[in-house]
Amino acid sequence: MSIDTQILPPDAAGIAAAAALLRAGQLVAFPTETVYGLGGDALNPAAVAAIFAAKGRPADDPLIVHLADAADLPRVAAAVPPAVQELAAAFWPGPLTLVLERGPAVPLAVTAGGSTVAVRVPAHPVARALIAAAGTPIAAPSANRFGHTSPTTAAHVLADLGGRIAAVIDGGPTPIGVESTVLDLTRPTPTVLRPGGVSLEELQAHVGEVAVESRGAGAQPLRSPGLLERHYAPHSPLWLVIGPEGAAQAWLRERAATERAAGRQVGLLVPDEDAALLADLGADIEPLGPSAALDSVARRLYAALRALDSRRPDCILARDLGERGLARAIRDRLSRAAAGRVVVLNSG
Ligand code: TXA
Ligand code: MG
């Protein structure tokens, strides 16, 4: 069954209308500084169930609870360890999600039955105003169908969820472009479960030792189901090349030329330098900005991937940009999109 999805402006009237829908148990997508979220009242089990249904998301993948202010933490978390004060002061509002012990008011559906709850205070003014006006914590996964790329515009949201949700607030493109960093504070050592908008280096500067959950290999039980490789999968097979810049660019050239010679369409998801270098190949290029400007690469990444993929090239080739700062999150998302098609060139 399809419903009429309203497109609301990011002004006081639009936010008031969206907040009334949320209080009535309806779903509203809204911009955050990272990506668009699919919001529902986190304390209303029916609204939470509707989020899973609208996304087609399996019930074992828990949701992030969004607060208007860190002072609301006791409403959703049972215990607030000392590191939270330090991290909240440094990074909230902002793209950091903290995994804490679940408070009793949070329905088990939000946490996928688990004893921990993921919480963040988003920085986007529309998100903060909306959560404050709703007067309740808001559960919000990224506003895409399960397994798809996260939305960074209202048009992306409508492409995936139009007809399935009550409304979307159109606040324009999101400024960061990749999701929040998820940091688990319930372990002896704070552990990054998902790299994102706050870098590992920034976290280390505030809490000292930080562990990073390794993906793949299926070693331990899955702590963050969002780590699954099937996320972000484009229709066209994506190859990610990791290695020294010159060698990786040479690999892209050779691979693209081989594909073109065989009459196949090639999409290139690369920084501006590579776009210039490889302009002669007749490939479909989505330039991401200069590789040194990682913030612009992150901001453009998902829109560029969606645009390339919508033209259904026979393959998409992407170049890794290392793991410093935001590059770690970019590598994470590209390697998920590659679903194992990762080529590592050694530096020797
Ligand atoms: O930037 C973001 O975080 C966006 C915006 C909308 O806030 N939200 C987002 O939500 O990316 P979602 O649901 O697409 O991803 C949340 C991630 C998933 O990987 C989920 O498994 C993990 O956080 N997560 C949620 N609760 C958790 C918990 N209690 N323990 C471990 N991981 C958890
Ligand atoms: Mg998501």
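Everything quoted here is computed from the prediction, not taken from an experiment. (Residues numbered from 1 in each chain as written. Chains lettered and ligands numbered in written order. Predicted model: local features only at pLDDT ≥ 70, side-chain atom pairs only at ≥ 80, totals over all residues. Heavy atoms only, no water.)

*Asks:* I would appreciate a short explanation of the domain arrangement of the protein in the present structure.
*Replies:* One widely used convention gives an interface's size as the accessible area the parts lose upon coming together. Each assigned domain of the protein is listed with its residue range as follows: domain 1 (6–212) and domain 2 (238–344). Look at where the C-alpha atoms of domain 1 and domain 2 centre, and you get two points 29 Å apart. On the side of domain 2, 17 residues touch domain 1, which itself brings 24 residues to the contact. Carbon and sulfur atoms make up 56% of the area that domain 1 and domain 2 hide from each other, which totals about 1500 Å². When the buried surface of domain 1 facing domain 2 is broken down by residue, Thr-149, Val-178 and Pro-195 rank first, second and third, together holding 35% of it. Here domain 1 and domain 2 share 2 salt bridges between them. Counting the contacts that link domain 1 with domain 2 gives 7 residue pairs in polar contact (both at pLDDT 80 or more). (Domains from an automatic or database assignment. Contact = heavy atoms within 4.5 Å. Buried area = accessible area lost by both parts, 1.4 Å probe. Salt bridge = Lys/Arg side-chain N within 4 Å of Asp/Glu carboxyl O. Polar contact = N/O pair within 3.5 Å; in protein donor to acceptor, adjacent residues only side chain to side chain.)

*Asks:* Sorry if this is basic, but what is going on with the packing of helix 3 (residues 82–91) against helix 6 (residues 200–207) here?
*Replies:* Across the interface, helix 3 lies against helix 6 with an axial gap of 10 Å and an inter-helix angle of 130 degrees. On the basis of their axis angle, the class for helix 3 and helix 6 is oblique. With respect to the hand of their crossing, helix 3 and helix 6 are arranged in right-handed fashion. Residues Ala-83, Glu-86, Leu-87, Ala-90 and Phe-91 of helix 3 touch helix 6, and the partners they reach there are Glu-202, Leu-203, His-206 and Val-207. Taken together, the residues of the contact of helix 3 with helix 6 sort by class into 6 nonpolar, 1 polar and 2 charged. (Axes fitted to C-alpha atoms, helices over the stretch in contact; angles between N-to-C directions. Helix = DSSP H or I, 4+ residues; strand = E, 2+ residues; numbered from the N terminus. Parallel < 35°, antiparallel > 145°, perpendicular 65-115°, else oblique. Left-handed = near helix turned anticlockwise from the far one by under 90°. Nonpolar A, V, L, I, M, F, W, Y, C, P; charged D, E, K, R; others polar.)

*Asks:* Teacher, can you tell me more about the site of ligand 1 here?
*Replies:* Neighbouring residues of ligand 1: 26 residues in total, closest Thr-34, Asp-61, His-66, Ser-180 and Arg-194. The separation between an oxygen atom of ligand 1 and a polar side-chain atom of Thr-34 is 2.7 Å. Arg-57 places a polar side-chain atom, nitrogen or oxygen, 2.9 Å from an oxygen atom of ligand 1. Relative to its free-state accessible area of 680 Å², ligand 1 is covered by the protein chains to the extent of 96%. (Near = heavy atom within 4 Å. Areas by Shrake-Rupley, 256 points an atom, 1.4 Å probe, with all protein chains shown as cover.)

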